[in-house]
Amino acid sequence: VKAEKTVFSAILSFAYFTVKDRLPTILTKVIDTIHRNKNKFFEEYGEEGIQAEKQTISLLSKMRNELQTDKPILALTDGLQDTESWNQYLQRHQGLHGDQESVSWFKSPWLYVECYMYRRIQEALWLNPPISDYDVFNEGKTQSFFESQQAVMTLCTYLEGINKGREELSKNQLLEHFNKLLLVSLWGNKCDLSISAGQENSQKTSPIDSLSSLQPFILVDDSNMVWSTLISAQRPGQSGKITAGRVDIVLDNAGFELVTDLVLADFLVSSGLAREIHFHGKSIPWFVSDVTANDFQWTIRQTMAANHKWMSKSGVQWQSYLKEGVWSYNDHPFWTQPHEFCDMATDAPDLYATLQGADLLLFKGDLNYRKLTGDREWDHTVGFDSALRGFGPAPLCSLRTLKANVQVGLQLGQGEKLTSQDPDWMTSGKYAIIQFYSPKSKQ
């Protein structure tokens, strides 16, 4: 198995840039955000709020210093439900290093270090009630949503158009709409605040109109396999009516991207391509812009309250899907741990069993792809199935715009050609993949 990327072993790589420059920038923004909200904490909690703000900032500044000076990774001390699992993971890494050398920020796998930083932010807050539940990334996520209003309206209007003529749609027209909304959800993944280190990052152009110009940048396109998986999950139910399968969407970013996922999910249900949708989000604020339960509910409430006919109609529909149990939102501590997904069956068997109940799994975004493939230095032509190393609870598809140095399943020579034309192709967010794997096809 290819070696995991350590930050140090890739001095000139994106990983090194991330840990050396991007992570301290994100931490500085977190510290500034907490400090800026000092008055709010005082209004809500009095002197206790001010003390909590000071102590949280002190812990975060200490961590920033540890990161920048390559200090050892420390065990967590907050006693949350996942603390022990994190500390065992650290011990496992220490065991691989041997006793001579500590596991430090620059001499550890990039995926681990990045996840660990976000978990330590959570620890700093958790150790300082009453501000333990404060989401330091909330402002950026809500801003991304509001700045993308025009694009959201366009999408909801497009959805309304499909719903109006739904009875008359031929299978080919249905496929065409499916492909468009899958692509909108794919490119919605461009809006990632952890990559821009929290800089403003929203969707301002029409998401439907820009699809054809983006087509050449899709390096792997297995959308036909996704479609056929949905079709083959349809079964004749009671009274001869066709029942469709269950689709699980493992979410990535809040803001505009989440809306593209909700629109796709709405279309899948209303067009009879899916019976129910299970969304999977994060249990704590994560990677600057990832969806939490709070973001999920807030986005639906905002859509309902919008001063736009089709947008508010969509929001009302989404709320009723949740109420009826057609949609459900789930989170699990495993999603905010550093484990690769091939460890899931062993380390989170309950989650693995849940995913086995799906007919199709859609994994959104870069972090999910890095965890699917173990963030290793794979050759670009290695098969996606090999890189998954045994992970396959159900047929799955990665919808990802490329923002990290890992990509498998390319044609011979495709990676080299891209490198000569565009050296930053793996990290610029300009290219994308719709990459599919089914454990069934292996049997």
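Keep in mind that what you see is a predicted model, and the values were worked out from it rather than measured.

Draft legend 1. Summary view of the pairing of strand S9 (residues 432–437). Of all six residues making up S9, six are buried, and the element is well covered by its neighbours. Of the two faces of S9, the one lined by Ala432, Ile434 and Phe436 and the one lined by Ile433, Gln435 and Tyr437 are each fully buried. In this structure, strand S1 (residues 218–221) lies alongside S9, joined through three bridges in parallel fashion. Across the sheet, the residue bridging to Val220 is Ile433, located in S9.

Draft legend 2. Region of interest: the environment of Ala254. By the element assignment, Ala254 lies in the loop between strand S4 (245–250) and helix H11 (256–270). On the accessibility criterion, Ala254 (5% relative accessible area) is buried. Note: C-alpha distance between Ala254 and Gly383 (129 residues apart in sequence) is 30 Å. Those residues in contact with Ala254 that sit more than four places away from it in its chain are Lys141, Ser144, Ser289, Asp290, Val291 and Asp295.

Draft legend 3. Main features of the domain arrangement of the chain. Examined at the domain level, the chain breaks down into domain 1 (14–127) and domain 2 (140–437). Where domain 1 abuts domain 2, roughly 2,000 Å² becomes buried across the two surfaces, and 63% of that area is made up of carbon and sulfur atoms. Linking domain 1 with domain 2 are one salt bridge, by the criterion used here. The salt bridge involving Glu114 is made with Arg370; its shortest N-O contact spans 3.0 Å. Taken together, the connections running from domain 1 to domain 2 amount to two residue pairs in polar contact (both at pLDDT 80 or more). Secondary structure elements with two or more residues in the side of domain 1 that touches domain 2: helix H1 (14–36), helix H4 (83–97) and helix H5 (110–126). Of the residues that constitute the side of domain 1 that touches domain 2, the class distribution is nine nonpolar, four polar and six charged.

Draft legend 4. Focus on the packing of aromatic side chains. Per the counting criterion, the structure on display carries 28 aromatic pairs. A ring pair is formed by Tyr118 and Phe287, whose centres lie 4.5 Å apart and whose planes are at 25°; its orientation type is stacked. Here Tyr118 is found in helix H5, whereas its partner Phe287 is found in the loop between strand S5 (274–281) and helix H12 (293–305), with 169 residues between them in sequence. With respect to burial, Tyr118 and Phe287 carry one shared label: buried.

Draft legend 5. Layout of unusual backbone geometry. Cis geometry marks the peptide bond from Pro129 to Pro130, where omega comes out at 10°. At Val288, a position not held by glycine, the phi torsion is positive, near 65°. Its place among the elements puts Val288 in the loop between S5 and H12.

Draft legend 6. Structural detail: the confidence of the model for the chain. Averaged over all residues, the pLDDT of the chain equals 93, while 93% of them reach at least 70. Here residues 7–12 is modelled with pLDDT under 50, and outside its nearest four sequence neighbours on either side it reaches eleven contacts, counting other chains as well.

Draft legend 7. Geometry of H11. When the terminal C-alpha atoms of H11 are compared, their 21 Å separation across 15 residues agrees well with the 21 Å that a helix rising 1.5 Å per residue should span. The buried fraction of H11 is high, at 15 of 15 residues. Positioned one or two residues after H11, Gly272 has a phi angle of 80°, which is positive.

Draft legend 8. Spotlight on the pattern of salt bridges. A full pass over the atoms with the stated rule returns 24 salt bridges. As a salt-bridge pair, Asp82 and Arg119 come within 2.9 Å of each other at their nearest N and O atoms. On the criterion of sequence distance, the pair formed by Asp82 in the loop between helix H3 (47–68) and H4 and Arg119 in helix H5 is long-range, its members being 37 residues apart. Arg119 shares its class with Asp82; the two are buried. In this structure, the salt-bridge partner of Lys164 is Glu160, at a minimum N-O distance of 3.6 Å. With Lys164 and Glu160 both in helix H7 (residues 149–164) and four residues apart, the pair spans about one turn of that helix. The network of salt bridges with common partners includes Arg22, Glu114, Arg370 and Asp375.

Draft legend 9. Focus on the packing of H4 against H5. Packing of H4 against H5 leaves a shortest axis separation of 13 Å and a crossing angle of 150°. Like other packed secondary-structure pairs, H4 and H5 cross with a definite hand, here left-handed. Residues Thr83, Trp86, Tyr89, Leu90 and His93 of H4 touch H5, and the partners they reach there are Tyr112, Cys115, Tyr116 and Arg119. Split by residue class, the contact of H4 with H5 holds six nonpolar, two polar and one charged.

Here is what the cut-offs are and how they apply
Residues numbered from 1 in each chain as written. Predicted model: local features only at pLDDT ≥ 70, side-chain atom pairs only at ≥ 80, totals over all residues. Heavy atoms only, no water. Buried < 20%, exposed > 50% of the residue type's maximum accessible area, 1.4 Å probe, protein only. Helix = DSSP H or I, 4+ residues; strand = E, 2+ residues; numbered from the N terminus. Pairing = 2+ DSSP bridges. Contact = heavy atoms within 4.5 Å. Domains from an automatic or database assignment. Buried area = accessible area lost by both parts, 1.4 Å probe. Salt bridge = Lys/Arg side-chain N within 4 Å of Asp/Glu carboxyl O. Polar contact = N/O pair within 3.5 Å; in protein donor to acceptor, adjacent residues only side chain to side chain. Nonpolar A, V, L, I, M, F, W, Y, C, P; charged D, E, K, R; others polar. Phe/Tyr/Trp six-rings, centres within 6.5 Å; stacked < 30°, edge-to-face > 60°. pLDDT = per-residue confidence, 0-100. Expected span 1.5 Å × (residues − 1). Axes fitted to C-alpha atoms, helices over the stretch in contact; angles between N-to-C directions. Left-handed = near helix turned anticlockwise from the far one by under 90°.

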